[in-house]
Every structure is written in structure tokens, then in C-alpha cells.
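The chain contents come next:
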Amino acid sequence: MAAEMRQPIESGCPDGFQYMHPVMLRNYGQWKYHEHPRPGVLLHVAHSGDKIWTVKAGTTRILDVFALRKLTEIGDKLGDGFVRFTIRSNIEYMVADEAKVEPMIAALEEAGFIVGGTANSVSTLSHTQGWLHCDIPGTDASGVVKAMMDELIDDFRNCDMPNRVHITTSCCQINCGGQGDIAINVQHTKPPKINHDLVGNACERPSVVARCPVAAIRPAMVNGKPSLEVDERKCICCGACYPPCPPMQINDHEFTQLAVWVGGNHSNARGKPTFQKLVAAGVPNNPPRWPEATAIVKRILQCYKESAKDWERINDWIERIGWPRFFEMTNLPFTKYHVDNWRGSRSSLNASTHIRF
Amino acid sequence: MASKHYPTPMLDVLEEGPWPSFISGFKRLRDEHPDERIRSTVNGLLGQLEHSYETRMGYWKGGTVSVFGYGGGIIPRFSEVGDAFPESKEFHTIRVQPPAGNFYTTDMLNQLADSWEKWGSGLVTFHGQTGNIMFIGTTTEGTQHFFDDINEYGWDLGGAGPCVRTGMCCVGAARCEQSCTSEQVVMRHLMNNFTDDVHRPALPYKFKFKVSGCPNDCVNAIERADFAVIGTWRDDMKVDQAEVKNFVEAKGRQYVIDNVISRCPTNAIALNDDDTITVDNHNCVRCMHCLNVMNKALHVGDDKGVTILIGGKRTLKIGDLMGTVVVPFMKLEDDDDYEKIVEMAEEIIDFWAENGLEHERCGEMIERIGLVNFLEGIGIDVDPHMLNNPRQSSYVRTDGWDEEAENWFARKREEKASA
Ligand code: SF4
């Protein structure tokens, strides 16, 4: 049997240069500056004087082959046949001739794609797999993103925020999903429900015990079978035990909720990179359009747009105006759950008289 | 059976609204694709997804699927409600490494689409959060066929499980004036040295390489990579004073003061009376802000290289961690330099493979054993660039002080001699 199988060619990560636009190849490492002629379009100018235009568009992210072929057809007919994808899954077409830009924008919009996402836009939400394909999802991902982008589409198109805004979603509490200026993540509110009949066979019990961040799990005999027990007073409902032990079901149609976090910033510009901070929990996980979560995100964005200075990312803005003002402006409740008690949390407490009035 | 469509009242709502709808895309496949296999698979998928929306629960479980010769690269998915939706009861994702920098020709995308239509569901994402092309939805058998197909024309699987994961780099030198290194080349040197560790998961947990060409860190390397390579420079930034004057004239002095001068985290820029600027390059921390605002006037220097930070990761298990500076600066120009960075990566992965606990990320191990033990393990000297500030707790034994102090001065003498 094995003899008939084909041996893999372990070629690893393919060389990107073979798929690169000739103008980019020619001017590799020799770019001088860029301009933003209009939302969704970038112009890069090389020291040689060569120019390359980039047209950027948002898609469904999960592409069906019809949509993919539509995108390639536009690139063939109206562009130069060279594209790339950004880390937020927007497609970028590179063309060497300015005259190609407008027809390409028209064709993309005509086909239902959204041109924008450059500079100070709210770019496409990055997301995980969700109900569509994840094995531990507390919510859907593509659906949340579609519902939110329907409402944030003008901010994607117009690029007129104080600085760029990256929004991420995550369908579990612990693992995938990135840091974002705003993040909408699953937040479980009840300990796992354990199917004791299955634990013994399905789970490697010591590794499940080791997985819990607060040591709330211990081996136990339940109904005469080897199983696991959770100290529910200790349990922080993170769901870390669920992936290695599916009979410890953490997802619940009611108690799995969403939380909103703000101020994650990957860039070193101005301050050092920052992690996102919790601002709202108890947000219902409400398909198909998650209106409660979307309303909070929109409110935060509106306050940011009105009150932030040019070039302030959300974390910069809040650092300037202070958290009390943030909660006041956004009309979000401040609760005891906002006070961190995890390791390193003392550095989040105000040990000064720096107080804004 | 074939013609029966599962009802999707909740998903139908996601066809409304101005943003392109993935549900409409699924339905195109279900209704219009010439291949009955795809039509019916996607019908099953829609049925199961609707069921998830109605019950607010997920219904996929993992398993073990790989391709011949590899131990990973596939995300196996078997349906827990396969009896109700048998058409998509096996629905694995194939993770494929994208080209460095995520470049494609339209021809290549079409070719990939052809192969995927032959063996898969017709659904694909460029790219998943780690950076893989995600070919979403095929059977165990389809997995092997599809891989055999695309592997013949240059594509290989990415990582899944406790292994070196698919890497990521920004567009970089290909189209960015702020690029300080050859991002794609760095990434391929690193990634392709570890193909065995990508394909045969045997590490404590995942290990990610990410490369950003400048401190704007567009691929979130510091926050998300175990091994983050960030381009930077150590000579003076370049100032085109004529362009500075143009900028001041166009925007006004107040704008320049508010948005450039006063935003510099170390007060390293001054606006002069004649509308030129002076940069205190020794105190510039290469944050990129002023270069972002005045990208025609200010440019990165010539003496470029990279900073390496180790140990970034997301929440599980001990909480989010940023990477920590382990190499403040190194040149990455010739083969020797590339060899050096690859060797360092090997050293780090080996040390972590030996000392990391099961399911412990590299950064968590460093947190557990302390940075000094980690550095000693990989043979790198301590350096003040690695810290925000020195220790503030007096609970420390310092009986080796004299020797360590002598080491420091010896290192400084050596550096001076070799400079
Ligand atoms: S949900 Fe989290 S805290 Fe609770 S038992 Fe599981 S791993 Fe521990």
C-alpha cells in the first residue's frame, strides 16, 4: 500500500518573488515614499521614479471559487495579473498604469466587492473559524464579521478615522484571534458541564488537569468511572479544558457570551505595543446579526472619531483622556470585573494622585 | 436527496446588507456549481451551519487525518450531526503555506481554484490567522488527492499541532519605503530550515515566526510570534529638509508641532525657526511615528538590520505575553548573517523542546524559568536593551557580582576593539 503512495516534496514556503509584479521586483528595497490618492488606493513611488498603484478591496474572506474567479478575472482584464492579500484578508491589485485604477475600482464595486480599507479606515475584521469550521467555537466568526461590516462599511470606504482601526473577533476565549484596537471575543460565564461517562475514554486526564490555568481540575471517580472534577468556585470559565477533553463542554447557548476589548496596538509608533483591555462583558451571543455587540462597537468608534486627535490609535486616545472618561463617553458600565487580578495585575492599579477632574 | 435544500432562514438574513455575503457565496456553490459533489457538500454545510445558528452551538470534532509522509498540516473535521447532514460529514481544512509576502499571480490563483474544485468544497480563505491558505472542506480521501495535485506545482502544507507553524511577513521591501530588511528572504530562510518541524509535530506546542520590515510591525509579530524579527536601523534617520519645509508649508506649524514634534515619545525632534527639523538620533527609539506622518521627508537610515524578540503569544495558558528583546540589533545582509539567525532559531527551539513543558509556549517557559536562565541556555549575554528597567526587588543573591561585572567590561572592551 505505502509503496504506491506518492512521497511529498517538502518544498516549504514558496518564493514570493516569482509572483511579484515586475515593477515591484525591479524596485525591490528601493521605494521612496507613498501617497494615498483616494480611499482604497495607494501610490508608491520608487527612487527610480517608477510608480505602482495598489487598489484594495474587501471581500467575504471565505471565498467560493466563483468569487475567487471573479477577483482573478478583474485582475486579468483590468489589472496586470498580480495580486496579494493583506493580513486582514483584503485583496490588493498592483498596477503600473494609473489609467487602470478607476476602471478596476468600478469593476470591483460592480461585482459587489468594497474598495477601501487603506490608511485611516476601519479595515476588515479579522476572524477565526467559528461554527463553520472550529471544533471548540463559542460563536460564529464569518457571520459576526459580515453583520458588523454591513454597519461599518462607510468607515471602511471613507478612511477618515483619526488613525487606522483594526478589529478582531475570536470564537473562543483563549487561543486564536489577535489583538485589536477593538476585539469582540467569546466570554464564557459558567463552568464546563462534564459528561462523566465519556471522560475516562476520551481524555488524557493528567494533561487536562495540567491545562487549567487556576488548577481547578482534579481526577475523581464519578459513578464508579474515572473522570474529572471541577472546583466551581475556583473555575474562571476559560474553556481551556475543553479542547483536550470535549466531554467538558464549555459552550452553552445562553451562558456563552461575548466581551468587548479595546486598545490592542501592534505598532511601536509613539508608545510601545499594547494589549487590549476589557471594557464590556455580558454581551449576548445573538445570531444571526449580533446587534448588541455591533451597537457597542459602533458607539466606541463614534466616541473615538469625535474625540481622538489625528494619529491617535484607540489606545493613545484613551491614554490621553483616561479610562473614567472613556466609560463616561461610551456609556458603558464600570464594574468590579474590570479590575484585574491575574498575575502582574498590580501594575494596572493607579498608585498615584494622577486623577482627571 | 440531491435536490433537497436544507432551509436556512437565519443564514438568509446574512444575505442582506451592503457588505459582500459569504452565505450568498455558499449558495452560489450549492445552486450553480456544475459538480454535484460540491453542490451537495455545500448544501450539507449550510444545513449544519443553520443548525449551529439556531442552537448556538458548534458541531465539529477533530480527529487524525494527514497526508502520506506528514504528521500534520490538516485540520480534521468530522461532523457530530453527520446523520442529519451527511453530505458534509467529513469536512477537513488543508493548511497550505502561502508564498512569502502573500503574492500571487491571477493564473496561479486560478490553477489552485481548479485543483480545489476537483477535490474540495470550493471554499477557500486567503489567509487564516496564522497565515495559511485555508482550503476549507474536503474528505480524508480528497485531502490526499488535493495535496498530491498542488504539491506537484510548488505548494506545501503548513503547520498544525505542536510544531513550527506557517510564518508570516509583511509586504516589506517589495512595496514599502520603510522596509529595513528583506522580509521575504528572512522568512524563507527561517521557515524552510524547519520544514521537518512544520510537517511532523513533535515540539512542546506551537512555534511561530513572523517578520515585519519596520517597527510598525504590520504582521503583529511582537504580540503573536514566538520568534519576531523586526527591521530597524542604527545610523541617523534621513531628513529631506526641502520636503520638511514643503510639509510645514502645506500643513502649518501648529499641525507639525501637534502631530509630529510633541508626539515623539523621547522628544527627539525639534522644529527650527526656519521650518527645518533637527533629530536627536541617539535618543530616537525608532518608533516610526514621525516617519509615518512625514513619509516623503523622513526616511529610515542606511545601516539597517533587525531586532529579535522572543516569546510573544496569546492567552492560553498563563495570559497574553509580548515578545522580549533578545537581540537588540543584528545585521542581515550576507549568507553568514542568515546562517547566524537560523542557528539562533535552532538553538532556541532546541532549548525549548528540551525544557518546555507539554503545551507550554516558549514565552511561558521563559516566564517560568526567568529570562537569565533562558539566555544562558541559548548562549546570549544579558543586555540592558532587554529591559524596561533593572530589578526593583532586593530579594536577590549577588555573590557572583564581581565576576559578572568583569564579564561586562571585558565584553565592552571586545566590542570596542572589533568596532
Ligand atoms: S473552564 Fe478553565 S478554569 Fe474552569 S476548569 Fe476548565 S480550564 Fe479550569
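Criteria and thresholds
Residues numbered from 1 in each chain as written. Chains lettered and ligands numbered in written order. Predicted model: local features only at pLDDT ≥ 70, side-chain atom pairs only at ≥ 80, totals over all residues. Heavy atoms only, no water. Helix = DSSP H or I, 4+ residues; strand = E, 2+ residues; numbered from the N terminus. Buried < 20%, exposed > 50% of the residue type's maximum accessible area, 1.4 Å probe, protein only. Contact = heavy atoms within 4.5 Å. Core = buried A, V, L, I, M, F, W, Y, C linked by side-chain atoms within 4.5 Å. Near = heavy atom within 4 Å. Nonpolar A, V, L, I, M, F, W, Y, C, P; charged D, E, K, R; others polar. Polar contact = N/O pair within 3.5 Å; in protein donor to acceptor, adjacent residues only side chain to side chain. Patch = residues over 30% accessible without salt bridge, like charges linked within 9 Å, V, L, I, M, F, W, Y side chains within 5 Å. Areas by Shrake-Rupley, 256 points an atom, 1.4 Å probe, with all protein chains shown as cover. Salt bridge = Lys/Arg side-chain N within 4 Å of Asp/Glu carboxyl O. Buried area = accessible area lost by both parts, 1.4 Å probe. Arc of directions from axis to C-beta. Pairing = 2+ DSSP bridges. Axes fitted to C-alpha atoms, helices over the stretch in contact; angles between N-to-C directions. Domains from an automatic or database assignment. Parallel < 35°, antiparallel > 145°, perpendicular 65-115°, else oblique. Left-handed = near helix turned anticlockwise from the far one by under 90°. Disulfide = S-S within 2.5 Å.

Remarks on the overall build of chain B
Within chain B one finds 15 helices and 16 strands. If one aligns the C-alpha atoms of chain B with their principal axes, the spans along those axes are about 80 × 60 × 40 Å. Residues classed as buried in chain B amount to 59% of the 419 residues present. Counted over contacts in chain B with a minimum sequence separation of 6, partners at least 24 positions apart contribute 64%.

Concerning the overall build of chain A
Secondary structure summary: chain A contains nine helices and 17 strands in total. By principal-axis analysis of the C-alpha atoms, chain A measures approximately 75 × 75 × 35 Å. Expressed as a percentage of the 357 residues in chain A, the buried residues total 59%. For chain A, the proportion of contacts with a sequence separation of at least 24, taken over those separated by at least 6, is 63%.

Some remarks on the nonpolar core
The biggest cluster of nonpolar side chains holds 121 residues, and the ones touching the most others in it are Leu108, Ile167 and Phe326 of chain A together with Phe26 and Trp155 of chain B. Examining the composition of this core, we find that eight residues originate from one element, helix α4 (residues 142–158) of chain A, more than from any other. Sequence-distant contacts of Phe26 of chain B, that is, excluding residues within four places in its chain, are made with Ile62 and Leu132 of chain A together with Val42, Leu45, Leu46, Leu49 and Leu123 of chain B.

With respect to the site of the ligand
In the vicinity of the ligand lie 13 residues, with Cys212, Cys235, Cys238, Gly239 and Cys241 of chain A positioned nearest. Taken together, the residues of the shell around the ligand sort by class into twelve nonpolar, one polar and no charged.

A few points about the side chain of Glu312 of chain A
Mapped onto the fold, Glu312 of chain A is located in the loop between α7 (291–307) and α8 (314–321). For Glu312 of chain A, a relative accessible area of 4% translates into the label buried. Separated by 2.8 Å, the side chain of Glu312 of chain A and the backbone nitrogen of Lys309 of chain A make a polar contact. Ignoring anything within four residues of it in the chain, the contact list for Glu312 of chain A reads Pro162, Asn163, Tyr304, Trp317 and Arg320 of chain A together with Arg263 of chain B.

Structural notes on a nonpolar patch on the surface
Residue and element names in this part refer to chain A. Side chains of Phe334, Val339 and Leu349 sit close together on the surface and give an oily, nonpolar patch of about 290 Å² of accessible area. By the secondary structure assignment, Phe334 is in the segment after α9 (323–330). Owing to a relative accessible area of 53%, Phe334 belongs among the exposed residues under this scheme.

Quick word on the interface of chain B and chain A
Contact with chain B, which involves 125 residues of that partner, is made by 117 residues of chain A. Of the roughly 10,700 Å² buried where chain B meets chain A, counting both sides, 57% is carbon and sulfur surface. When the buried surface of chain B facing chain A is broken down by residue, Trp19, Arg56 and Arg175 of chain B rank first, second and third, together holding 9% of it. Here Asp64 of chain A makes a salt bridge to Arg28 of chain B, at a shortest N to O gap of 3.1 Å.

So, helix α9 (residues 241–251) of chain B
Residues and elements named next belong to chain B. Among the residues of α9, Val244, Phe247 and Val248 are the ones counted as buried. Down the axis of α9, the sector holding all buried residues measures 100°, keeping them to one side. Along α9, exposed side chains directed more than 90 degrees from the buried face belong to Glu249 and Ala250. Residues of α9 that are buried make contact with β11 (238–239), α10 (253–259), β12 (269–271), β13 (277–279), α11 (289–293) and β14 (298–299). Looking one or two residues past α9, Gly252 carries a phi angle of roughly 95°, positive in sign.

Examining the sheet that holds strand β2 (residues 74–75) of chain B
A sheet is described by the order of its strands in space; here five strands give the open sequence β4(A)-β6(B)-β7(B)-β4(B)-β2(B), paired in antiparallel fashion. Looking at which strands have only one partner, the edges of the open sheet turn out to be β4 (62–64) of chain A together with β2 of chain B. Pairing analysis gives five bridges linking strand β4 (residues 92–96) of chain B to strand β7 (residues 133–138) of chain B, with the strands arranged antiparallel. Directly across from His92 of chain B, in β7 of chain B, lies its bridge partner Thr138 of chain B. Taken strand by strand, helix α2 (residues 65–77) of chain A contacts β4 of chain A together with β6 (123–126) of chain B, and its axis lies near 85° from that of β4 of chain A. Across the face of the sheet, helix α5 (residues 140–152) of chain B comes into contact with β2, β4 and β7 of chain B while running at roughly 20° to β4 of chain B.

Looking at the domain arrangement of chain A
Taken as a whole, chain A is organised into domain 1 (17–110), domain 2 (126–189 + 253–339) and domain 3 (196–236). Put simply, the middle of domain 2 of chain A and the middle of domain 3 of chain A, counted by C-alpha atoms, are 33 Å apart.

Here's the deal with the packing of helix α12 (residues 335–355) of chain B against helix α14 (residues 371–378) of chain B
All names here are of chain B. Running from N to C, α12 and α14 point in directions that differ by 120°, and their axes come no closer than 9 Å. On the basis of the axis angle, α12 is oblique to α14. For the element pair α12 and α14, the recorded crossing hand is right-handed. Together, Glu347, Ile348 and Phe351 of α12 and Asn373, Phe374, Gly377 and Ile378 of α14 make up the contact between the two elements. Here the residues of the contact of α12 with α14 are counted per class, giving four nonpolar, two polar and one charged.

Quick look at the domain arrangement of chain B
Residues and elements named next belong to chain B. Under the domain assignment, chain B is made up of domain 1 (1–160), domain 2 (168–234 + 303–418) and domain 3 (238–299). On the side of domain 2, 16 residues touch domain 1, which itself brings 16 residues to the contact. Across the contact surface, domain 1 and domain 2 share seven residue pairs in polar contact (both at pLDDT 80 or more). Across the side of domain 1 that touches domain 2, the residue classes tally to five nonpolar, ten polar and one charged.

Topic: the state of the cysteines
Cysteine pairs can be linked by a disulfide, which is a covalent bond between their two sulfur atoms. Per the stated rule, a full pass over the model turns up one disulfide over all chains. A sulfur-sulfur distance of 2.1 Å marks the disulfide that ties Cys203 of chain A to Cys245 of chain A. When the S-S torsion is 70°, as for the bridge of Cys203 of chain A with Cys245 of chain A, the disulfide is right-handed. Here Cys203 of chain A, found in the loop between α5 (196–202) and α6 (205–211), pairs with Cys245 of chain A, found in the loop between β14 (225–230) and β15 (248–249); they are 42 residues apart in sequence, far enough to count as distant. Residues Cys203 of chain A and Cys245 of chain A agree in their burial class; the two are buried. The thiol of Cys180 of chain B is unpaired, and the distance to the nearest cysteine sulfur, on Cys214 of chain B, comes to 6.4 Å.

Some thoughts on α9 of chain A
Residue and element names in this part refer to chain A. Those residues of α9 that fall on the buried side of the exposure criterion are Phe326, Phe327 and Thr330. All buried residues of α9 fall inside an arc of 95° around its axis, so they share one side. When the buried face of α9 is taken as reference, the exposed residues oriented beyond 90 degrees from it are Pro324 and Glu328. Looking at the packing, one finds that the buried side of α9 touches β16 (256–262), β17 (277–283), α7 and α8. Positive backbone phi, approximately 60°, marks Asn331, located one or two places after α9.

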